[in-house]
Amino acid sequence: MSTFKQHSVLPGFNLALGFTLLYLSLIVLIPLSAAFIHTAKLSWPEFWNTVTAPRVIASYRLTFGASLAAATVNAFFGLLVAWVLVRYPFPGKRLVDALIDLPFALPTSVAGITLTAIYTGNGWIGQYLEPMGIRIAFTPAGVFVALTFIGLPFVVRTVQPVLEEIEQELEEAAAMLGATRWQTFRHIIFPAVLPALATGFALAFARAIGEYGSVIFIAGNIPMISEITPLLIITKLEQYDYAGATAIATVMLVISFTLLLFINLLQWQARRHNTKV
Amino acid sequence: MATSSSSQTFPVQLAAPVTQEQPWIRWTLTLLALSFLSLFLLLPLMGVFFEALKKGWDVYIDAITEPDALAAIRLTLTAAAIAIPLNLVFGIAAAWAIAKFEFYGKSILISLIDLPFSVSPVVTGLIYVLIFGLQGWAGPWLKEHDLAVIFAVPGIVLATIFVTVPFIARELIPLMQAQGSEEEEAAIALGANGWQTLWYVTLPNIKWGLLYGTILCNARAMGEFGAVSVVSGHIRGLTNTLSLHVEILYNEYNFVAAFAVASLLALLALLTLALKTLVEAKVAQQIRGNHS
């Protein structure tokens, strides 16, 4: 035991760690293993054919494409919003800052129906876009809009604390050495926030890939066109195709875990970067 | 002559700091950021209340007081009332083990606690179906004993617990790590036992973090949609949470009622944001070690 844990005068380690592991196993780990064990019952060709069927491939393309686009837009505007919130004073700033977390707090089904209402042909925004020939609701563009909404807080909330920590002295030194404001941003500020920006981007992307509630209302769910991967799992479940649903779920789990690993690496690197400066 | 003029302009240069952008750049960026936020956050939020009240207050009140809506409110509160205390105990236990002790595999444990965040809600629902559904591991046994988990309340509670596991733990771990263990060690040295130390020393020190995590946990517990949607079976009045009720009404083209129920959840979200903002400052204070 002494090699596993360093000595401490505080009691309760065994109880606390034991309960933590038991709870995690019962609620999270054993249920998650069910997906992999059920998938293992399929033969390899069965599995491969299920997860590479044309309709499934089309759903990957939409899910990943829209998630990537949404995370990119969020990276750009998230950095901008974080910058404005940290650097510029304006009336109502605290209110705006609190509102950033709305997508975390608002249930996804609520987000889904209100976004749909706004972007349909007679909605607040849809009525202006429709005459221009731009349709958002019930198209892949709708998926992108919903995923942008969902991912918005991730970039702002990872970049904001880093921007707050940047030492003004560095910027002053750059200015004294003749750098323009843009050069200072490009060479001093941007490299400092880049690890946080990458983490925020990855978090928004990871969240978008698994998102279901906010997307299904606005997507229209047309097979091969606007059907996301999580919806396919539900569709297969409703047809009692448990094997098919599980196979696709396993693919999603593997992708999520890979992303999680990647995000942990990014955060580890960001921490190292911060302690070095 | 030249030196005296430069010494005169020096204070003027200081008045316009070199680390600030030109006013027009500041205004453009601020305006751009606020426009983006209005378009993507404010408009959808206003949309909920606008659509809910489209046909007036009477229709609104009727929609949120009809029996199925009330049953949905009850189930939502029940699921949260079970999930939150369990995750609270888990959060304290996990944070105690992780923040107060050094052991191998700690960072893996922290990643495992965060795992539910990276699992798609739909997959969460599916794995419980694989275990407790009719074709699942425990399915035949449950059927024999006339018990139901899937398409019943226990399934909804389980799915809710799963998606909210990390919230309280991930608030408490950094908070307790930042505070260190000196006060607890002093309490033990003075003769307190472990439970007394937890109750009289640790919990008062982390109370704001605890509250903060609980607020976030509650918001997710009451709002979860994807995971509970898979295990619920959508039986009106029985296995419908508020979030699912919104979907059912919407799919029946009963838009005003759907938005009326949605507005309750939106109000909950606004309350969550307000409380969160208030408590956030207190948590920052406690991290700095200002136990007031």
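Residues numbered from 1 in each chain as written. Chains lettered and ligands numbered in written order. Predicted model: local features only at pLDDT ≥ 70, side-chain atom pairs only at ≥ 80, totals over all residues. Heavy atoms only, no water.

**Details of the overall build of chain A**
Item 1. A count of helices and strands for chain A gives 13 helices and zero strands.
Item 2. In sequence order, chain A lays out its α and β elements as α-α-α-α-α-α-α-α-α-α-α-α-α.
Item 3. Dimensions of chain A, computed from the C-alpha atoms along their principal axes, are close to 70 × 70 × 35 Å.
Item 4. The long-range fraction of contacts in chain A, counting pairs at least 24 apart against all pairs at least 6 apart in sequence, stands at 74%.
Item 5. Split by element, the accessible area of chain A, about 12700 Å² in all, is 67% carbon and sulfur.
Item 6. One finds the centroid of the 16 positive side-chain charges in chain A at a distance of 4 Å from the centroid of its 14 negative side-chain charges. (Helix = DSSP H or I, 4+ residues; strand = E, 2+ residues; numbered from the N terminus. Contact = heavy atoms within 4.5 Å. Areas by Shrake-Rupley, 256 points an atom, 1.4 Å probe, with all protein chains shown as cover. Lys, Arg positive; Asp, Glu negative; His and termini not counted. Charge placed at Lys NZ, Arg CZ, Asp CG, Glu CD.)

**Quick word on the pattern of salt bridges**
Item 1. Taken as a whole and assessed by the stated rule, the structure comprises 15 salt bridges over all chains.
Item 2. Note that Asp101 of chain A is salt-bridged to Lys276 of chain B, the shortest N-O span being 2.6 Å. Taken together, the residues Asp101 of chain A in the loop between helix H4 (93-99) and helix H5 (102-105) and Lys276 of chain B in helix H13 (residues 255-287) connect one chain to another. Residue Asp101 of chain A shares its accessibility class with Lys276 of chain B, and that shared class is buried.
Item 3. Residues Lys106 of chain B and Glu102 of chain B are paired through a salt bridge, measuring 3.3 Å at the closest nitrogen-oxygen approach.
Item 4. Given a relative accessible area of 13%, Lys106 of chain B falls into the buried group.
Item 5. Exposure remark for Glu102 of chain B: the relative accessible area of 42% places this residue in the partly exposed category.
Item 6. It is possible to trace a salt-bridge network through shared partners that takes in Asp97, Asp101 and Arg157 of chain A together with Lys276 and Glu280 of chain B. (Salt bridge = Lys/Arg side-chain N within 4 Å of Asp/Glu carboxyl O. Buried < 20%, exposed > 50% of the residue type's maximum accessible area, 1.4 Å probe, protein only.)

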